[in-house]
Amino acid sequence: MKVVTVVGARPQFMKAAVVYRVLREKHREILVHTGQHYDYNMSEQFFRELEIPDPDYNLGISGGTHAQMTGRMMAAAEEVLIREKPDWLLVYGDTNSTLAAALAAAKLHIPVCHAEAGIRTHSRTNPEEINRICTDHVSALLLAATQSGMDEMAKEGLLERGRLTGDPMYDAFRIWSEKRSPGDFRLKLLSKTGEGGTEAVPDRYCYLTCHREENTREDGPLLEIFRGMESLDVPTVYPVHPRNRERAVRLRDACGFRKLILCEPVGYLESVCLVKHAEKVVTDSGGLQREAFFAGKKCVTILDFVCWPETMVSGRNELSAPKAEEITEKLARPQQVDPAYRPFGDGHAAEKIVRALEEERMTV
Ligand code: UD1
């Protein structure tokens, strides 16, 4: 079997890292990086640390409006697909890279396998929701990480193409979350001039990530989140996505927040280590919500929609508006989840994903 895998943004790399190891035992994989994420610490660091082979193609496409980025990626992905003539296109998640590759392949009658299918937030203003819906509907094989993904597929008449594999992100967490300890690395601090020095990971801290369009379009939401974190009794470690670096540094400096440690994005091994050792987690990332769940940590998610209902049990993960008081009030609530509750599978999703590709190849 020949499989073209297209990745492009940070949350896809760790999933491709667990799947390629199984896929390449028996099959040929051509790895394509769209270039959507291009900073060293958003991309190459992941390839190195997780020992992902160099991409066979790097399309070098990033930035611009959603339509510009997606359109340019579609044209470039089409060229690769015509040349490689794969049995499958494999894509992950909900980024513009996912949608662009899926559309290009579907129009060439190349079957598309969408891993992490069936997620619905029911928020049409969330750009990733459009990507999820369109990708699912043009895909021949829909692999759900959890039962709720299968339930959503059923509502849209997609269940015939669906299979429950478990979450490859849980595989990745199991494999890599013990590889670093907080003493192994230093945080690269952010400053207005860009030269911020480094700092050790504090003994006690909360872990914050925030990069969604909904929370970073203007100052208001981030300022509220910062006010909430500043009022906690432990410092906050916040690795800042490049899209809101300028805003985050400016707001911190203008308001004199002293408990906020703003730093460069950290690699995957450092991020899962930071989750494991954090007191609590505040995030707007779908991936980090799950990692907080895997690590047994209290999480407050700054979104007005649920991505992963499985994490929203017994107080473990709660939604909050970007409002300081609501965030801190929800962070303070207790959580206790039965360790036997494992909705994300058994840590062997990669094997199930490859098996699904092998079995369904005959029928598409
Ligand atoms: C994308 C995905 C989102 C995912 C997130 C993970 C879409 C629509 N969104 O959002 O689902 O959760 O990745 O991080 O695909 N930039 C850099 N350096 C980089 C990458 C981006 O400076 O390495 C800049 C871009 O030039 C752009 C901004 O950050 O100005 C936003 O990047 P973009 O790729 O549009 O989306 P993300 O916010 O990263």
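The rules we used
- Residues numbered from 1 in each chain as written.
- Predicted model: local features only at pLDDT ≥ 70, side-chain atom pairs only at ≥ 80, totals over all residues.
- Heavy atoms only, no water.
- Near = heavy atom within 4 Å.
- Polar contact = N/O pair within 3.5 Å; in protein donor to acceptor, adjacent residues only side chain to side chain.
- Areas by Shrake-Rupley, 256 points an atom, 1.4 Å probe, with all protein chains shown as cover.
- Helix = DSSP H or I, 4+ residues; strand = E, 2+ residues; numbered from the N terminus.
- Nonpolar A, V, L, I, M, F, W, Y, C, P; charged D, E, K, R; others polar.
- Buried < 20%, exposed > 50% of the residue type's maximum accessible area, 1.4 Å probe, protein only.
- Contact = heavy atoms within 4.5 Å.
- Arc of directions from axis to C-beta.
- Pairing = 2+ DSSP bridges.
- Axes fitted to C-alpha atoms, helices over the stretch in contact; angles between N-to-C directions.
- Phe/Tyr/Trp six-rings, centres within 6.5 Å; stacked < 30°, edge-to-face > 60°.
- Lys NZ or Arg CZ within 6 Å of the ring centre and 35° of its normal.

Trainee: Would you take a moment to explain the site of the ligand for this structure?
Mentor: Within the structure, the ligand sits among 20 residues, and Gln-36, His-37, Asn-96, His-241 and Arg-243 are positioned closest to it. In this structure, an oxygen atom belonging to the ligand sits 2.9 Å away from a side-chain N or O atom of Tyr-38. A distance of 3.0 Å is found between a nitrogen atom of the ligand and a side-chain nitrogen or oxygen belonging to Glu-128. Here the ligand has 750 Å² of accessible area as a free molecule, and 85% of this is covered by the chains. Secondary-structure elements contributing two or more residues to the shell around the ligand are helix H1 (10-26), helix H3 (66-84) and helix H5 (127-138). Of the residues assigned to the shell around the ligand, the class counts are 6 nonpolar, 8 polar and 6 charged.

Trainee: Please explain the side chain of His-37 as it appears in this structure.
Mentor: By secondary structure assignment, the location of His-37 is in the loop between strand E2 (28-33) and helix H2 (44-49). Classification of His-37 by relative accessible area gives buried; the value is 15%. Filtering out sequence-adjacent residues up to four positions away, His-37 remains in contact with Gly-8, Ala-9, Arg-10, Met-42, Ser-43 and His-241.

Trainee: Looking at this structure, I do not really get helix H13 (residues 324-331). What am I missing?
Mentor: Residues lying three or four places apart along an α-helix face the same way, a consequence of the helix completing one turn every 3.6 residues. Among all positions of H13, only Ala-324, Ile-327, Thr-328, Lys-330 and Leu-331 are buried. Burial along H13 is one-sided: seen end-on, the buried residues are contained in an arc of 165 degrees. Considering only its buried residues, H13 is in contact with helix H9 (219-230), strand E13 (280-283), strand E14 (298-301) and strand E15 (317-319).

Trainee: How should I be thinking about the sheet that holds strand E6 (residues 141-144) in this particular structure?
Mentor: By way of backbone hydrogen bonds, the strands of a sheet pair with one another, either parallel or antiparallel. Spatially, E3-E2-E1-E4-E5-E6-E7 is the arrangement adopted by the 7 strands of the open sheet, whose pairing is parallel. In this open sheet, the two strands that pair with only one neighbour each are strand E3 (57-58) and strand E7 (162-164). Note that strand E5 (residues 112-115) and E6 share 3 bridges and pair parallel. Residue pairing in the sheet places His-114 in a bridge with Leu-142 of E6. Helix H4 (residues 96-107) rests against strand E1 (2-7), strand E4 (88-92) and E5 of the sheet, and its axis sits at about 160 degrees to E4.

Trainee: Sorry, what's going on with the packing of aromatic side chains here?
Mentor: The geometry of an aromatic ring pair is captured by the separation of the ring centres together with the interplanar angle, meaning the angle of the planes. On inspection of all chains with the given rule, the structure shows 11 aromatic pairs. Summarising the aromatic geometry, the rings of Phe-294 and Phe-344 are spaced 5.3 Å apart at their centres and angled 80 degrees between planes, so their arrangement reads as edge-to-face. Pair noted here: Phe-294 is in helix H12 (residues 286-294) and Phe-344 is in the loop between H13 and helix H14 (349-360), with a separation of 50 residues, a long-range link. Here the two residues Phe-294 and Phe-344 agree in accessibility, since each one is buried. One aromatic cluster is present, built from ring pairs that chain together Tyr-170, Phe-173, Phe-293, Phe-294, Trp-308, Tyr-341 and Phe-344. Directly above the ring of Phe-293 sits Arg-316, whose terminal nitrogen or CZ lies 5.1 Å from the centroid.

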